[in-house]
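# Chains, contacts and geometry: an overview
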Amino acid sequence: MGYLIGMDEAGYGPNLGPLVITASLWEVPGDPREFDFWQALESVISNSRPSRNSDLLHVADSKDVHSSAKGLGPLERSTLPFLQVLNGESQVDSLGKLWQLLVASPAHLEEIQQHPWNGDDRFALPTAVEAEAVSDSGKNLKTALEEAGIQLRALCSEIVLPERFNRLCSEYGSKGVMLTRLCMRLLTRVWDRESDAPTLIIGDKHGGRNRYDEFLDEILDGEMIFRVEESTARSVYRVGSTEIRFQTKAEAHFPVAVSSMVCKYTREVMMEQFNQFWSEHVPDIKPTKGYPVDARRFKSEIADAQAQLEIADHLLWRGQ
């Protein structure tokens, strides 16, 4: 028995909407460094785009699964079954339930719900696919996981809204350091330091950062960190029976791909609710994804409504 943890983020660059960081924890038979999820689950998943009538779930980097042209459907179809498996086969049928599943801290959940566009549980899921299809896929996925001896132990997220994003950037000195520290904090929720079972942790590189041991040291209780490799391609460390990798194209690994999809899906549905809120106050406004240039257009067009609603800039706008 061993464990794999995959981490990824979505929404690092925009001015509007959340940054979402997700870690997924998997229990697998045997050595986690040798385990092949793609082969073990080939009856239900594909890491390339399935044919139109295929029942396979497309599991890959969220940038490959999701496209604005095709809408939320492909990403939703492949992501919600994993959330359903984690939720004991119960449907995650609202954005509020999604937050409850991913966010550990009641205070963090309350912070999210206090924002005007996040204030109730009216946003229903799924938005673009049939609930029955999600349910059937979730059941098939659960069966395949059981037959392969795989258990999805956890999906945990940090959902960082603009006010917190700006505050942490100021506190840590840069958004790059903020991202790395939030990833380390998330690791503490899924990495069992008391376990002797072999564990492999994989995450994407954080921009041009090659060195991560000083940040790992902040979450460890004086344990020895062995530096195996630090390069532009990957940085590898060992702590006890755990190997930790930060590497380029980490989404090629199944646990990272699932985390990538959960991040992207969470951000996308939160942006849909955000746009829905503002369309109620500014009729016919064009929705935004929150990225620079278009975010400035959107902010300008909602300025009058924002003032009337007395919504402060720090709740809305990410300055870095």
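Located above this text is the structure these notes cover.
These numbers were taken from a predicted model, which means no experiment stands behind them. Throughout, residues of each chain are indexed from 1 in the direction in which the sequence is written. Local features in this predicted model are restricted to residues whose pLDDT is 70 or higher, and side-chain atom pairs enter the listing and the counts only when it is 80 or higher, whereas totals over whole chains, interfaces and linings include all residues. As a rule here, side-chain values cover all heavy atoms of the structure and leave hydrogens and water aside.

## Things to note about the overall build of the chain
If you tally the helices and strands in the chain, you get twelve helices and nine strands. For the chain, the spread of C-alpha atoms along the three principal axes comes to 60 × 50 × 35 Å. Going through the 320 residues of the chain one by one, you find that 52% of them count as buried. Under the convention used here, a 1.4 Å probe and the Shrake-Rupley method define accessible areas, while residue burial counts only the protein chains that appear. Summed over its atoms, the accessible surface of the chain is roughly 14,200 Å², and 45% of this surface lies on carbon and sulfur atoms. Think of it this way: Lys and Arg go in the positive column, Asp and Glu in the negative one, and His and the chain ends go nowhere. To locate a charge, take NZ of a lysine, CZ of an arginine, CG of an aspartate or CD of a glutamate. The average position of the 34 basic charges and that of the 48 acidic charges among the side chains of the chain differ by 5 Å. Put simply, DSSP H or I for four residues or longer makes a helix, DSSP E for two residues or longer makes a strand, and each gets a number counted from the N terminus. Type-normalised accessible area, obtained with a 1.4 Å probe on protein chains alone, sets the label of each residue: buried when under 20%, exposed when over 50%, and partly exposed for intermediate values.

## Points about the sheet that holds strand β1 (residues 2–10)
Spatial ordering of the open sheet is given by β5-β2-β1-β6-β9-β8-β7, a layout of seven strands whose pairing is mixed. Bordering the open sheet on either side are β5 (151–160) and β7 (226–230), each of which pairs with just one other strand. Across the sheet, the axes of successive neighbouring strands diverge by a mean angle of 15 degrees, strand direction being ignored. Sheet analysis places strand β8 (residues 234–239) next to strand β9 (residues 242–247), joined by six bridges and oriented antiparallel. Bridge assignment links R238 to a residue of β9, and that residue is E243. Residues are treated as being in contact if the distance between any of their heavy atoms lies within 4.5 Å. Angles here are taken between N-to-C directions and fall from 0 to 180 degrees, while the axes themselves are lines fitted to C-alpha atoms, restricted in helices to the stretch in contact. Along the sheet face, helix α7 (residues 162–172) touches β2 (19–28) and β5 and points at about 80 degrees away from the line of β5. Pairing between two strands is assigned when DSSP locates at least 2 bridges connecting them.

## Description of a negative patch on the surface
Grouping into patches uses exposed residues only, defined as over 30% relative accessible area, and leaves out salt-bridged ones; the cut-off is 9 Å for like charges and 5 Å for nonpolar side chains (Val, Leu, Ile, Met, Phe, Trp, Tyr). Counted as salt bridges are all cases of a side-chain nitrogen of Lys or Arg within 4 Å of a carboxyl oxygen of Asp or Glu. A cluster of acidic side chains, namely D55, E130, E132 and D136, defines a negative patch on the protein surface. Checked against the element boundaries, E130 lands in the loop between α5 (106–113) and α6 (131–148). When its relative accessible area of 60% is taken as the criterion, E130 is described as exposed.

## A look at the pairing of strand β6 (residues 199–204)
Taken across its six residues, β6 has five buried, putting it largely inside the fold. Inspection of the sheet shows β1 paired to β6 by five bridges, in the parallel sense. Of the residues in β6, the one forming a bridge with L4 is L200. Across six bridges, β6 lies against β9 in parallel orientation. Each bridged residue has a counterpart across the sheet, and for I202 the counterpart in β9 is R245.

## With respect to the pairing of β2
Burial analysis of β2 places ten of its ten residues in the buried class, the great majority of the element. The alternating pattern of β2 places L19, I21, A23, L25 and E27 and V20, T22, S24, W26 and V28 on opposite faces, both of which are buried. Taken together, the nine bridges between β1 and β2 define a ladder with antiparallel strand orientation. Residue pairing across strands places L4 opposite W26, the latter belonging to β2.

## Focus: the side chain of S259
Within the secondary structure layout, S259 lies in helix α10 (residues 254–281). For S259, a relative accessible area of 0% corresponds to the buried category. In the analysis that follows, any N or O atom pair within 3.5 Å is treated as a polar contact, provided that within protein one partner can donate a hydrogen and the other can accept it, and provided that, for residues neighboring in sequence, both atoms belong to side chains. Separated by 3.0 Å, the side chains of S259 and S24 make a polar contact. Those residues in contact with S259 that lie beyond four places of it in its chain are G6, M7, D8, T22, A23 and S24.

## Description of empty space enclosed by the protein
In this analysis a 1.4 Å probe is tested at points of a 1 Å grid over the protein atoms alone, and where it fits but cannot get out there is a cavity; an open set with protein on both sides within 12 Å along at least five of seven lines is a pocket; lining residues have an atom within 4 Å of a point. Grid points are joined across faces, edges and corners, and a volume is the space filled by probe spheres set on the points. For the coordinates displayed, the defined rule picks out one cavity of 30 Å³ or more. The calculated volume of the largest cavity comes to roughly 80 Å³. Every residue lining the largest cavity is listed: G17, P18, W117, N118, L161, P162, M270, M271, F274, L315 and L316. Mapped by element, the contributors of at least two residues to the lining of the largest cavity are α10 and α12 (313–316). Counting residues per element, the lining of the largest cavity draws most heavily on α10, at three residues. Considered class by class, the residues forming the lining of the largest cavity number nine nonpolar, two polar and no charged. The classification used treats Ala, Val, Leu, Ile, Met, Phe, Trp, Tyr, Cys and Pro as nonpolar, Asp, Glu, Lys and Arg as charged, and all other residues, Gly among them, as polar.

## Focus on the pattern of salt bridges
A full pass over the atoms with the stated rule returns 19 salt bridges. Between R33 and E243 there is a salt bridge; the shortest N-O distance is 3.9 Å. Of this pair, R33 sits in the loop between β2 and α1 (37–40) while E243 sits in strand β9, and the two are 210 residues apart along the sequence. For R33, a relative accessible area of 43% translates into the label partly exposed. Salt-bridge contacts for R164 lead to E158; the nearest nitrogen and oxygen are separated by 3.0 Å. Here R164 falls in the buried class, since its relative accessible area comes to 9%. On the basis of relative accessibility, which here comes to 6%, the residue E158 falls in the buried class. Salt bridges linked by common partners bring D31, R33, R238, E243 and R245 together as one network.

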